[in-house]
Amino acid sequence: KQEVTQIPAALSVPEGENLVLNCSFTDSAIYNLQWFRQDPGKGLTSLLLIQSSQREQTSGRLNASLDKSSGRSTLYIAASQPGDSATYLCAGPLNDYKLSFGAGTTVTVRA
Amino acid sequence: DTAVSQTPKYLVTQMGNDKSIKCEQNLGHDTMYWYKQDSKKFLKIMFSYNNKELIINETVPNRFSPKSPDKAHLNLHINSLELGDSAVYFCASSSRTVQAFFGQGTRLTVV
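Please read all numbers here as calculations on a predicted model, not as lab measurements.

> Quick rundown of the overall build of chain A? Include the residues and the values.
Within chain A, the secondary structure is distributed over zero helices and ten strands. What you see in chain A, going N to C, is helices and strands ordered as β-β-β-β-β-β-β-β-β-β. Rg of the C-alpha trace for chain A: 13 Å, near the compact-globule value of 13 Å for 111 residues, within the 12% margin. By principal-axis analysis of the C-alpha atoms, chain A measures approximately 40 × 25 × 20 Å. Across chain A, contacts joining residues at least 24 apart in sequence account for 53% of those joining residues at least 6 apart. Just so you have it, chain A exposes about 4900 Å², and 48% of that area is on carbon and sulfur atoms.

Structure (structure tokens):
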């Protein structure tokens, strides 16, 4: 069974500061690692997908790393903006059929 | 074009009633899921289907019955609704090596 933990639970930073969100998982046999964003009252938007054979993925200001041996993934958001305020979720499935989610990190970027 | 669409978006109903939520994906994915997000915002898998076959049933009460008439649809029927069923229900789809896509959610309120 895969347990996914996200630290911190909440984060508040001034605009322009870089964000570092952490995700840890108990079973290193993950199939892939996905990061999602959820805005209040909305669905989940996929941000990045890292396959188990990869070490990182980048998309614009977002960079996610994966270290299977230590059971960790980190999402970096450079030069944060108020529009980055949301809850960020990671999911580390063991197979195709079950995404195991962390509880999320709620980010507030202050203007 | 909405990738994963679910209806209705909001559902308010009385205890004891039966209700259905519909989900459709136009991405050609072969795996579909139902997730429940409780008041603490934690996402927990309920069911996953692959090519119309039930793969995961995560100890969900028998009052919940998913049905997949084809690969693009996964509906959720709930009998004898209880107060504790109030939550946001998300449908999602994915395929091997491809990131998962989520619908916008159905907010179910049982009164």
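What follows picks up the thread again.
> Go over the interface of chain B and chain A, please, and point to the residues and values.
The partner chain A presents 19 residues to the 23 residues of chain B that form the contact. Taken together, the connections running from chain B to chain A amount to one salt bridge. The closest approach of N and O atoms between A:Lys98 and B:Glu58, which form a salt bridge, is 2.8 Å. Summed over the shared surface of chain B and chain A, the number is six residue pairs in polar contact (both at pLDDT 80 or more). Looking at the side of chain B that touches chain A, the elements that each hand over two or more residues are strand E4 (31-37), strand E5 (43-50), strand E6 (53-57), strand E9 (87-95) and strand E10 (98-102) of chain B. Residue classes in the side of chain B that touches chain A are distributed as eleven nonpolar, nine polar and three charged.

> Give a detailed account of the environment of B:Ser39, specifying residues and quantitative values.
All names here are of chain B. Along the chain, serine 39 falls in the loop between E4 and E5. Classification of serine 39 as exposed rests on a relative accessible area of 70%. Remark: the alpha-carbon pair of serine 39 and lysine 19, spanning 20 residues in sequence, is separated by 20 Å.

> How would you summarise the pairing of E6(B) if you had to cite specific residues and measurements?
All names here are of chain B. Examined bridge by bridge, E5 and E6 share four bridges and lie antiparallel to one another. In the sheet register, asparagine 50 faces E6, and the bridge partner there is glutamate 53. Hairpin connection between E5 and E6: a loop of two residues separates the two successive antiparallel strands, and asparagine 51 in this loop has a positive phi of roughly 50 degrees.

> Explain the side chain of A:Ser100 residue by residue, including any values.
Turning to its location among the elements, A:Ser100 is positioned in the loop between strand E9 (86-91) and strand E10 (105-110). Beyond its immediate sequence surroundings of up to four residues, A:Ser100 is in contact with A:Gln2, A:Val4, A:Cys90, A:Ala91, A:Gly92 and A:Pro93.

> Break down the nonpolar core for me, with residues and values.
Residue and element names in this part refer to chain A. In terms of nonpolar packing, the biggest core is built from 21 residues, with Leu33, Trp35, Leu75 and Tyr88 touching the most fellow members. Residue assignment for this core shows that the elements contributing at least two residues are strand E3 (19-25), strand E4 (32-38), strand E5 (44-51), strand E7 (62-67), strand E8 (72-77), E9 and E10. Per element, the largest residue contribution to this core is four residues, and it comes from E3. Sequence-distant contacts of leucine 75, that is, excluding residues within four places in its chain, are made with Leu19, Val20, Leu21, Trp35, Leu47, Leu48, Leu62, Asn63, Ala64 and Tyr88.

> With reference to specific residues and values, describe unusual backbone geometry.
Cis peptide bonds are those with omega within 30 degrees of zero, and the linkage from A:Ile7 to A:Pro8 qualifies with 0 degrees. Structurally, A:Pro8 is set in the loop between strand E1 (4-7) and strand E2 (10-14). Cis geometry marks the peptide bond from B:Thr7 to B:Pro8; its omega dihedral reads -5 degrees. Relative to the helices and strands, B:Pro8 is located in the loop between strand E1 (4-7) and strand E2 (10-13). Residue A:Ala79 is not a glycine yet carries a positive backbone phi of 45 degrees. Within the secondary structure, A:Ala79 sits in the loop between E8 and E9. The phi dihedral of B:Lys41 is positive, around 75 degrees, even though this residue is not glycine. Note on placement: B:Lys41 falls in the loop between E4 and E5. Exposure remark for B:Lys41: the relative accessible area of 47% places this residue in the partly exposed category.

> Outline the sheet that holds E7(A), supporting the account with residue identities and numerical values.
Residues and elements named next belong to chain A. With respect to topology, five strands assemble into an open sheet ordered E1-E3-E8-E7-E6, the strand pairing being antiparallel. This sheet does not close on itself; its edge strands, each paired only once, are E1 and strand E6 (56-59). Across the sheet, the axes of successive neighbouring strands diverge by a mean angle of 15 degrees, strand direction being ignored. As paired elements, E6 and E7 share four bridges and run antiparallel to each other. Opposite glutamate 56, over in E7, you have serine 65 as the bridge partner.

How each quantity is defined
For every chain, the first residue of its written sequence is number 1, and the numbers climb from 1 along that sequence. To label them, take the chains in the order written and letter them from A, then take the ligands in the order written and number them from 1. Since the coordinates come from a predicted model, pLDDT governs what is reported: local features require at least 70, and pairs of side-chain atoms require 80 or more to be given and counted, while whole-chain, interface and lining totals use all residues. No hydrogens and no water enter the side-chain calculation; it runs on all heavy atoms of the structure. Per the convention used, a helix needs a DSSP run of H or I reaching at least four residues, while a strand needs a run of E reaching at least two, with both numbered from the N terminus. What the globule rule says is 2.2 Å times the number of residues to the power 0.38, and the radius of gyration is computed from C-alpha atoms. Throughout, a contact is declared for two residues whenever any of their heavy atoms are within 4.5 Å. For the accessible areas, the method is Shrake-Rupley and the probe is 1.4 Å, while residue cover comes only from the protein chains on display. Salt bridge, as used here, is a side-chain nitrogen of Lys or Arg placed within 4 Å of a carboxyl oxygen of Asp or Glu. Polar contacts here mean pairs of N or O atoms no more than 3.5 Å apart (in protein, one a potential hydrogen donor and the other a potential acceptor; neighbouring residues in sequence count only if both atoms are side-chain atoms). When residues are sorted by character, Ala, Val, Leu, Ile, Met, Phe, Trp, Tyr, Cys and Pro go into the nonpolar class, Asp, Glu, Lys and Arg into the charged class, and all the rest, Gly among them, into the polar class. A simple rule labels every residue: compare its accessible area, found with a 1.4 Å probe on the protein chains alone, to the largest value its type can have, and call it buried under 20%, exposed over 50%, or partly exposed in between. The pairing criterion is simple: DSSP has to find at least two bridges between the two strands. Note on terminology: a nonpolar core comprises buried Ala, Val, Leu, Ile, Met, Phe, Trp, Tyr and Cys residues joined through side-chain atoms within 4.5 Å. Axes here refer to lines fitted to C-alpha atoms; in helices the fit is confined to the stretch in contact. Angles between the N-to-C directions go from 0 to 180 degrees.

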